[in-house]
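Chain by chain, the residues:
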Amino acid sequence: MIIAIDGPAGAGKTTIAKLLAKRLGILYLDTGATYRVLTLKALKDNIPLDDPFALRYTAINLNVRWEEGKIYLDGEEVTDRIRSPQIDKIISLPVSFKEVREAMVEFQRRLVGTKDAVVEGRDTTTVVFPNADYKFYLDASLSERARRRYCDMVNKNIQVELEEIKQDMEVRDRADLTRDIGPLKKAPDAIFIDTTNLTIEEVIERILSYIKR
Ligand code: DC
């Protein structure tokens, strides 16, 4: 069984998908994290972020391990580093290339294999697992999404401005919505959930109610 969860940054995908996978006792895959690891690797190795072929080569040869919720790149733990504002600012470019996305989609499918999983990230319901058993599209207002991302960062002791996060998010949304390859869009058969005024538990209950049906 594959449950795919799509939607823009800050809509609650990561939190919800992680808890849902735990509740159901199945694998959790955060596809955004795979793109973030690739971006960090490119940064570390001085790979030009505008070179799709060098990035694809890097994607194919990524040395990543997922272990008990922690992410290791070349043996080093990078779980928090991949979520830094520095990565947020530059990630739109590498994720926009067809060559990169094709390699990453292969990588993501390989990570899931034949297991039951909750797979989360924009384009998971449309490109990565278009035949998923359940598809959900989570969204929330821009202000609420920015507030959530801000709280995440503050909780990790990362110094940020709410207004800056909101602006970055708006820029990233636009890039994600308008790109030709793997754009952020709701699959026609995905169930839409506006999480602006819902608690995490309420969103999970709503998703589980569809699955139980
Ligand atoms: O969900 P996130 O903020 O961790 O995603 C990081 C970036 O990767 C974001 O700009 C969207 C992009 N992304 C993507 O293009 N395709 C996915 N399946 C997941 C994330």
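Treat the numbers as computed from the prediction; the structure is a model and nothing was measured.

Caption draft 1: Quick peek at the packing of aromatic side chains. A complete count under the given rule lists 2 aromatic pairs for this structure. Relative to Phe-192, the ring of Tyr-137 has its centre 6.0 Å away and its plane inclined at 15 degrees; by these criteria the two rings are stacked. On the criterion of sequence distance, the pair formed by Tyr-137 in strand β7 (residues 134–139) and Phe-192 in strand β8 (residues 191–194) is long-range, its members being 55 residues apart. Residue Tyr-137 is classed as buried on the basis of its relative accessible area of 7%. Directly above the ring of Tyr-72 sits Arg-65, whose terminal nitrogen or CZ lies 4.6 Å from the centroid.

Caption draft 2: Up close: the site of the ligand. Within the structure, the ligand sits among 16 residues, and Thr-31, Arg-36, Arg-101, Arg-122 and Asp-123 are positioned closest to it. Between the ligand and the protein, one listed contact pairs a nitrogen atom with a side-chain N or O atom of Thr-31 at 2.9 Å. Between the ligand and Asp-123 there is a distance of 2.9 Å, counted from a nitrogen atom to a side-chain nitrogen or oxygen. Protein contact buries 99% of the 440 Å² of open area that the ligand shows by itself. Where the shell around the ligand is concerned, the elements lending two or more residues are α2 (31–44) and α8 (162–178). Looking at the shell around the ligand, the element that brings in the most residues is α2, giving 4 residues.

Caption draft 3: A look at the nonpolar core. Grouped together as the largest cluster of nonpolar side chains are 34 residues, with contacts concentrated most on Leu-62 and Met-104. Where this core is concerned, the elements lending two or more residues are β1 (2–6), α2, α3 (52–60), β4 (70–73), α5 (98–112) and β6 (117–120). Beyond its immediate stretch of four places on either side in the chain, Met-104 contacts Thr-34, Tyr-35, Leu-38, Ala-59 and Leu-62. Ranked by size, the runner-up nonpolar core spans 17 residues in total, among them Ala-17, Ala-21, Val-203 and Ile-207.

Caption draft 4: Local environment of the sheet that holds strand β2 (residues 27–30). Spatially, the 5 strands line up as an open sheet ordered β2-β6-β1-β7-β8, and their pairing is parallel. Taken across any chain shown, the strands that pair with only one partner, and hence form the sheet edges, are β2 and β8. Sheet twist, expressed as the average angle between the axes of neighbouring strands with direction ignored, equals 20 degrees. Taken together, the 4 bridges between β2 and β6 define a ladder with parallel strand orientation.

Caption draft 5: Focus on the confidence of the model for the protein chain. Looking at the protein chain as a whole, the pLDDT averages 93, with 100% of positions reaching at least 70. Within the protein chain, strand β5 (residues 76–77) carries the highest mean pLDDT (98), whereas α8 carries the lowest (89).

Caption draft 6: Highlighting the pairing of β1. Counting buried positions along β1 gives 5 out of 5 residues, so the element sits mostly inside the fold. Direction of pairing for β1 relative to β6: parallel, over a ladder of 4 bridges. Of the residues in β6, the one forming a bridge with Ile-5 is Glu-120. Pairing analysis gives 4 bridges linking β1 to β7, with the strands arranged parallel. Pairing of Asp-6 across the sheet is with Tyr-137, part of β7.

Caption draft 7: Local environment of the environment of Met-153. Positionally, Met-153 belongs in helix α7 (residues 142–155). Taking the relative accessible area as the measure of exposure, Met-153 reaches 3% and is therefore buried. Placed 12 residues apart in sequence, Met-153 and Ile-165 show a C-alpha to C-alpha distance of 9.9 Å.

Caption draft 8: A look at helix α9 (residues 200–212). In this model α9 runs 18 Å from its N-terminal to its C-terminal C-alpha over 13 residues, within 8% of the 18 Å that 1.5 Å per residue would give. Summarising the contacts, the buried residues of α9 are in contact with β1, α1 (13–24), β7 and β8.

Caption draft 9: Expanded view of the pattern of salt bridges. Tallied over the entire structure, the rule returns 21 salt bridges. With a shortest N-O distance of 3.1 Å, Glu-201 and Arg-23 are connected by a salt bridge. Of this pair, Glu-201 sits in helix α9 while Arg-23 sits in helix α1, and the two are 178 residues apart along the sequence. Glu-201 gets classed as partly exposed once you look at its relative accessible area, which sits at 38%.

Reading the values: rules and limits
- Residues numbered from 1 in each chain as written.
- Predicted model: local features only at pLDDT ≥ 70, side-chain atom pairs only at ≥ 80, totals over all residues.
- Heavy atoms only, no water.
- Phe/Tyr/Trp six-rings, centres within 6.5 Å; stacked < 30°, edge-to-face > 60°.
- Helix = DSSP H or I, 4+ residues; strand = E, 2+ residues; numbered from the N terminus.
- Buried < 20%, exposed > 50% of the residue type's maximum accessible area, 1.4 Å probe, protein only.
- Lys NZ or Arg CZ within 6 Å of the ring centre and 35° of its normal.
- Near = heavy atom within 4 Å.
- Polar contact = N/O pair within 3.5 Å; in protein donor to acceptor, adjacent residues only side chain to side chain.
- Areas by Shrake-Rupley, 256 points an atom, 1.4 Å probe, with all protein chains shown as cover.
- Core = buried A, V, L, I, M, F, W, Y, C linked by side-chain atoms within 4.5 Å.
- Contact = heavy atoms within 4.5 Å.
- Pairing = 2+ DSSP bridges.
- Axes fitted to C-alpha atoms, helices over the stretch in contact; angles between N-to-C directions.
- pLDDT = per-residue confidence, 0-100.
- Expected span 1.5 Å × (residues − 1).
- Salt bridge = Lys/Arg side-chain N within 4 Å of Asp/Glu carboxyl O.

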